Amino acid sequence: PPPTSTPTSTPTPTPAPPPPPPLLTRTSSSGTETASPRALEAGSEGLTTAISASIDQMEATYGVTVLFAAEKSSRIFGTSHEKSDCDVIALFVHPLERYVSLKPLATSVNVVTPASASSGLPELDIRGLELRHAFRMLAASNPSLLDVMMSPLVYRAAPNWPSLIRQKMAATYSLPSLVLFWYKHALNNYNQYIVNRNDPNKKTSRIRGKAKRRAAAEAEAKSEAMSEAKSEAADGGGGGGGGGGSGAGGGGGGGGGGG
């Protein structure tokens with residue numbers, strides 16, 4: 001009888017992970033704005049517009065360009081309430097000439113818009129991180145930056161930029177570091193909200209921490225502005241001194257002619 005062939009089993013392909021949420025692109029007079037579908041569902045069109053306006057304010061105030069901005073708060077975990085503020089992390093770059101300058105570069109900036117009772121908008125806290133500084137944090141498997149880059153609430157992004165960064169992060173992030181971080185985070189929450197739930201200082205300490213962070217960002221921006229002003233004043237003084245020297249030389253020449 002003819003030999004019987006044994007059917008070979010075909011391995012079941014592993015399903016690919018779902019892609020990140022697509023970005024909705026809107027073009028306005030101020031440039032290209034992006035927001036994910038969940039960003040529009042989590043709040044309102046007015047909230048998204050207000051966040052975009054705060055990002056524009058950051059760019060105008062500090063002379064930077066924002067390449068990526070995403071939500072990092074209880075809104076991305078679905079635990080927000082009507083009084084929850086919006087914490088947005090924006091990654092920015094300085095103008096090219098600043099990177100070849102001897103003047104120090106600001107690595108973080110901050111723009112805060114208070115809550116508005118009339119419009120019903122919450123407090124908007126936009127924290128900017130300079131791109132190289134942020135990438136150093138990513139290289140160290142910083143969990144906060146992982147939240148930002150994987151956030152479903154993306155308010156602004158350069159074309160194709162989020163997907164490239166997410167692919168690199170998936171291949172290089174340290175899983176043990178993330179496990180250890182979230183274990184400590186859960187332990188801290190347990191102690192703060194379960195063990196010490198009646199401690200009246202826990203809310204105060206959170207507010208103080210946020211105020212301290214804002215004050216540090218403002219101080220760094222003020223220091224950079226003062227450094228630039230001193231440098232410009234020094235450049236102007238040097239030019240004036242040169243002119244004075246030329247005048248003195250001319251006087252000397254005149255004296256010689258009289259003799």
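Look above for the structure.
So, here is what we can say about the structure in this document. (Residues numbered from 1 in each chain as written. Predicted model: local features only at pLDDT ≥ 70, side-chain atom pairs only at ≥ 80, totals over all residues. Heavy atoms only, no water.)

## Topic: the overall build of the chain
At step 1: If you tally the helices and strands in the chain, you get seven helices and seven strands.
At step 2: Helices and strands in the chain line up, N terminus first, as β-β-α-α-β-β-β-β-α-α-β-α-α-α.
At step 3: Restricting the contact set of the chain to residue pairs at least 6 apart, pairs at least 24 apart contribute 65%.
At step 4: Entry remark: accessible area of the chain is about 16100 Å², with carbon and sulfur atoms responsible for 60%. (Helix = DSSP H or I, 4+ residues; strand = E, 2+ residues; numbered from the N terminus. Contact = heavy atoms within 4.5 Å. Areas by Shrake-Rupley, 256 points an atom, 1.4 Å probe, with all protein chains shown as cover.)

## Re helix α2 (residues 45-62)
Structurally, the α-helix is built with 3.6 residues per turn, so residues lying three or four positions apart point the same way.
At step 1: With 18 residues, α2 extends 26 Å from end C-alpha to end C-alpha; this agrees with the ideal 26 Å at 1.5 Å per step.
At step 2: Every buried residue of α2 is accounted for by Leu47, Thr48, Ala50, Ile51, Ser52, Ser54, Ile55, Met58 and Glu59. (Expected span 1.5 Å × (residues − 1). Buried < 20%, exposed > 50% of the residue type's maximum accessible area, 1.4 Å probe, protein only.)

## Details of the nonpolar core
At step 1: Membership of the largest hydrophobic core comes to 20 residues, with the highest contact counts inside it found for Phe68, Leu91 and Met149.
At step 2: Looking at this core, the elements with two or more residues in it are β3 (65-71), β4 (86-93), α3 (131-139), α4 (143-149), β7 (154-157) and α5 (161-172).
At step 3: Excluding residues that lie within four positions of it along the chain, Phe68 makes contacts with Ile89, Ala90, Leu91, Val148, Met149, Val154, Arg156, Ala157, Trp161 and Pro162.
At step 4: Residues Ile51, Val66, Cys86 and Leu153 belong to the second largest nonpolar core, which totals 19 residues. (Core = buried A, V, L, I, M, F, W, Y, C linked by side-chain atoms within 4.5 Å.)

## Observations concerning the pattern of salt bridges
At step 1: Summed over the entire model, instances satisfying the criterion amount to three salt bridges.
At step 2: The partner of Glu59 in a salt bridge is Arg156, with the nearest N and O atoms 3.5 Å apart. Taken together, the residues Glu59 in helix α2 and Arg156 in strand β7 connect sequence positions 97 residues apart. The same class applies to Glu59 and to Arg156, which are both buried.
At step 3: Between Glu130 and Arg132 there is a salt bridge; the shortest N-O distance is 3.8 Å.
At step 4: On the basis of relative accessible area, Glu130 is assigned to the buried category, the value being 3%.
At step 5: For Arg132, a relative accessible area of 44% corresponds to the partly exposed category. (Salt bridge = Lys/Arg side-chain N within 4 Å of Asp/Glu carboxyl O.)

## Thoughts on the environment of Ala157
At step 1: Mapped onto the elements, Ala157 comes out in strand β7.
At step 2: Given a relative accessible area of 12%, Ala157 falls into the buried group.
At step 3: Taking C-alpha positions, Ala157 is 8.1 Å from Val66, a pair spaced 91 residues apart along the chain.

## So, the pairing of strand β6 (residues 124-130)
At step 1: In terms of burial, β6 is a largely internal element, six of the seven residues being buried.
At step 2: Across seven bridges, the pairing between β4 and β6 is parallel. Looking at β6, one finds that Asp87 is bridged to Asp125.
At step 3: Examined bridge by bridge, strand β5 (residues 108-113) and β6 share six bridges and lie antiparallel to one another. Paired with Thr113 across the bridge in β6 is Leu124. (Pairing = 2+ DSSP bridges.)

## A look at the sheet that holds β4
At step 1: The strand order β5-β6-β4-β3-β7 describes an open sheet built from five strands, whose pairing is mixed. Unpaired on one side and paired on the other, β5 and β7 mark the two borders of the sheet. The average angle at which neighbouring strand axes cross in this sheet is 20 degrees, direction not considered.
At step 2: Across the sheet, α5 is in contact with β3, β4 and β7; its angle to β3 comes to roughly 65 degrees. (Axes fitted to C-alpha atoms, helices over the stretch in contact; angles between N-to-C directions.)

Honestly, it's all geometry; don't read function into it.
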